[in-house]
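# Geometric and topological summary
Residues per chain, in single letters:
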Amino acid sequence: MNPYAKLTFSLSLVLGTTITISSNHWMAAWTGLEINTLAVIPLISKSHHPRAIEAAIKYFLVQAAASTLLLFSSMINAWHTGQWDITQLNHPTSSLLLTTAIAMKLGLVPFHFWFPEVLQGSPLTTALLLSTLMKFPPITILLLTSHSLDPTLLTTMAIASAALGGWMGLNQTQIRKVLAFSSISHLGWMCIVLIYNPKLTLATFYIYCTMTGAIFLTLNTTKSFKLSTMMTSWTKTPVLNTTLMMTLLSLAGLPPLTGFLPKWLIIQELSKQEMTAPATIIAILSLLSLFFYLRLAYYSTITLPPNPTNLMKQWHANKPASTLIAALSSMSTLLLPLSPMILALI
């Protein structure tokens, strides 16, 4: 892709995200979401592979439908209340339509079908954008309207997302699909606590972005797309694969790694709100996700491929890992001792 075109699309992504997260009028938020959608489509389809073109078309159709629903929701609310302010979403039908639209944009169950397919058809860097930056504007809209949303509906969708994300990730061999179902599962954790503590949802999203960023950038360095190619990357970059294993275990939520912090705080918050049953269910469902994270960690470091005697050994890669991977991996594994400071910021 032409560097100038890539720069234009990247700046458009930043512009669209900034417009949406800083607006308090529905039309401005919708405009930002549309700029984001149009800017990321060329990045998905830049390889011109049939699977990439299919992913771009699926992404466009889903996002266009979600944007239409969001606009419809805001118009119904404005019609009944005379308010275009995002925080003044008072009409129940508008609230329901908005929840549906944002669930489609994020890939929450039952509107998740497009997300694994689009991620599988995208390059790793674009898949990283779709999993992190592209979810920021819809989550911001959810935060601004959290007081108007239906708690029962959100809790149901959250538990279904955690269940399906864990269940469907078990038999995948493509790493991008595994990470897509991991994203769906994490979105369930964010949505279940959204109404009770919106800042905790945002903190969980930031920590999730840090861990996912480290994993995608590591996979992009080792060029691992499937579990079978992941097995061979250990001989090329042993240290990088060890940090990948630690980051995967952190994403699974194992103490004493960073990923344990948001799950611990969410379960604590749900217990305070006397939601013991949903807290127990979502904690048990995270064991499903733990299984495939452990499998990924096992493939990345412990399993070595069979080496026949006539096979030339792979030499260590001379190219050093980037500083960004080092910083993100460190933050993904070592932030738990700083939890009092993170709590103070929340």
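Fair warning: this is a prediction, and the values are worked out from it, not measured in the lab. (Residues numbered from 1 in each chain as written. Predicted model: local features only at pLDDT ≥ 70, side-chain atom pairs only at ≥ 80, totals over all residues. Heavy atoms only, no water.)

Scanning the chain from N- to C-terminus turns up 16 helices and zero strands. Projected onto the principal axes, the alpha-carbon positions of the chain cover approximately 75 × 50 × 35 Å. A sequence separation of at least 24 residues applies to 77% of the contacts in the chain between residues at least 6 apart. Carbon together with sulfur atoms contributes 70% to the accessible area of the chain, which is approximately 15500 Å² in total. Of the side chains in the chain, 17 bear a positive and 7 a negative charge, and the two mean positions are spaced by 21 Å. (Helix = DSSP H or I, 4+ residues; strand = E, 2+ residues; numbered from the N terminus. Contact = heavy atoms within 4.5 Å. Areas by Shrake-Rupley, 256 points an atom, 1.4 Å probe, with all protein chains shown as cover. Lys, Arg positive; Asp, Glu negative; His and termini not counted. Charge placed at Lys NZ, Arg CZ, Asp CG, Glu CD.)

A cluster of nonpolar side chains, namely Leu38, Ile53, Ile57, Phe60 and Leu61, defines an oily patch on the protein surface of about 470 Å² accessible area. Sort the elements by how many residues they give to the nonpolar patch and helix H3 (residues 50–81) lands first, with four residues. In this structure, Ile57 sits in helix H3. (Patch = residues over 30% accessible without salt bridge, like charges linked within 9 Å, V, L, I, M, F, W, Y side chains within 5 Å. Salt bridge = Lys/Arg side-chain N within 4 Å of Asp/Glu carboxyl O.)

So, about the domain arrangement of the chain. Per the domain assignment, the segments of the chain are domain 1 (1–122) and domain 2 (150–345). Using C-alpha coordinates to define each centre, domain 1 is positioned 25 Å away from domain 2. Tallying the contact residues gives 16 residues for domain 1 and 19 residues for domain 2. Of the roughly 1500 Å² buried where domain 1 meets domain 2, counting both sides, 73% is carbon and sulfur surface. Where domain 1 touches domain 2, the interface holds one salt bridge. Here Glu117 and Lys177 are joined by a salt bridge, their closest N and O atoms 3.4 Å apart. (Domains from an automatic or database assignment. Buried area = accessible area lost by both parts, 1.4 Å probe.)

With 32 residues, H3 extends 47 Å between its outermost C-alpha atoms, agreeing within 8% with the 46 Å of an ideal straight helix rising 1.5 Å per residue. Once H3 finishes, Gly82 follows within two positions and takes phi at roughly 75°, a positive value. (Expected span 1.5 Å × (residues − 1).)

Attention now moves to the packing of aromatic side chains. Inspection of the entire model under this criterion finds eight aromatic pairs. Judged by centre distance (4.9 Å) and plane angle (50°), the rings of Phe292 and Tyr293 are tilted. Given a relative accessible area of 1%, Phe292 falls into the buried group. Residue classification places Tyr293 among the buried positions, given a relative accessible area of 1%. Members of the aromatic cluster, each reached through a chain of ring pairs, are Tyr59, Trp114 and Phe115. (Phe/Tyr/Trp six-rings, centres within 6.5 Å; stacked < 30°, edge-to-face > 60°. Buried < 20%, exposed > 50% of the residue type's maximum accessible area, 1.4 Å probe, protein only.)

Looking at the secondary structure, you find Arg176 in helix H9 (residues 175–192). Among buried charged residues, Arg176 stands out as having no salt bridge; its nearest opposite-charge side chain is Glu117, 11 Å away. In terms of polar contacts, Arg176 uses its side chain to reach the backbone carbonyl oxygen of Gln120, at 3.4 Å. (Polar contact = N/O pair within 3.5 Å; in protein donor to acceptor, adjacent residues only side chain to side chain.)

Moving on: the packing of H3 against helix H5 (residues 114–121). Closest axis-to-axis distance for the H3/H5 pair is 8 Å, and the angle between their directions is 145°. Crossing handedness for the pair H3 and H5: left-handed. Judged by residue contacts, Arg51, Ala52, Ala55, Lys58, Tyr59, Val62 and Gln63 of H3 engage Trp114, Glu117, Val118, Gln120 and Gly121 from H5. Tallied by class, the residues present in the contact of H3 with H5 amount to six nonpolar, three polar and three charged. (Axes fitted to C-alpha atoms, helices over the stretch in contact; angles between N-to-C directions. Left-handed = near helix turned anticlockwise from the far one by under 90°. Nonpolar A, V, L, I, M, F, W, Y, C, P; charged D, E, K, R; others polar.)

What follows covers unusual backbone geometry. A cis amide bond links Val109 with the next residue in sequence, Pro110, at an omega value of 5°. Structurally, Pro110 can be placed in the loop between helix H4 (92–106) and H5. Omega for the peptide link from Pro255 to Pro256 comes to 5°, which places this bond in the cis form. With respect to the helices and strands, the residue Pro256 is situated in the loop between helix H12 (238–252) and helix H13 (260–272).

Attention shifts here to the UniProt feature "domain: NADH:quinone oxidoreductase/Mrp antiporter transmembrane" (unreviewed entry) in the chain. Under the feature "domain: NADH:quinone oxidoreductase/Mrp antiporter transmembrane" (unreviewed entry), the UniProt entry names residues 23–288. Helix makes up 75% of residues 23–288 and strand 0%. Its end C-alpha atoms lie 38 Å apart. (UniProt positions renumbered as here; feature names shortened; annotations may be inferred.)

Summarizing the sequence annotation, UniProt attributes the feature "transmembrane region" (unreviewed entry) to residues 56–76, 96–115, 152–171, 178–196, 202–219, 239–257, 277–300 and 321–345 in the numbering used throughout. What you have in residues 96–115 is 65% helix and 0% strand, and the ends, taken at the C-alpha atoms, are 22 Å apart. What you have in residues 277–300 is 100% helix and 0% strand, and the ends, taken at the C-alpha atoms, are 35 Å apart.

Quick look at the pattern of salt bridges now. Evaluation of the coordinates by the stated rule reveals two salt bridges. The salt bridge involving Glu54 is made with Lys58; its shortest N-O contact spans 2.8 Å. Taken as a pair, Glu54 and Lys58 lie in helix H3 at a separation of four residues, close to a single helical turn. A residue is classified by how much of its surface remains accessible, and Glu54, at 40% relative accessible area, is partly exposed. Looking at Lys58, the relative accessible area reads 27%, which means it is partly exposed.

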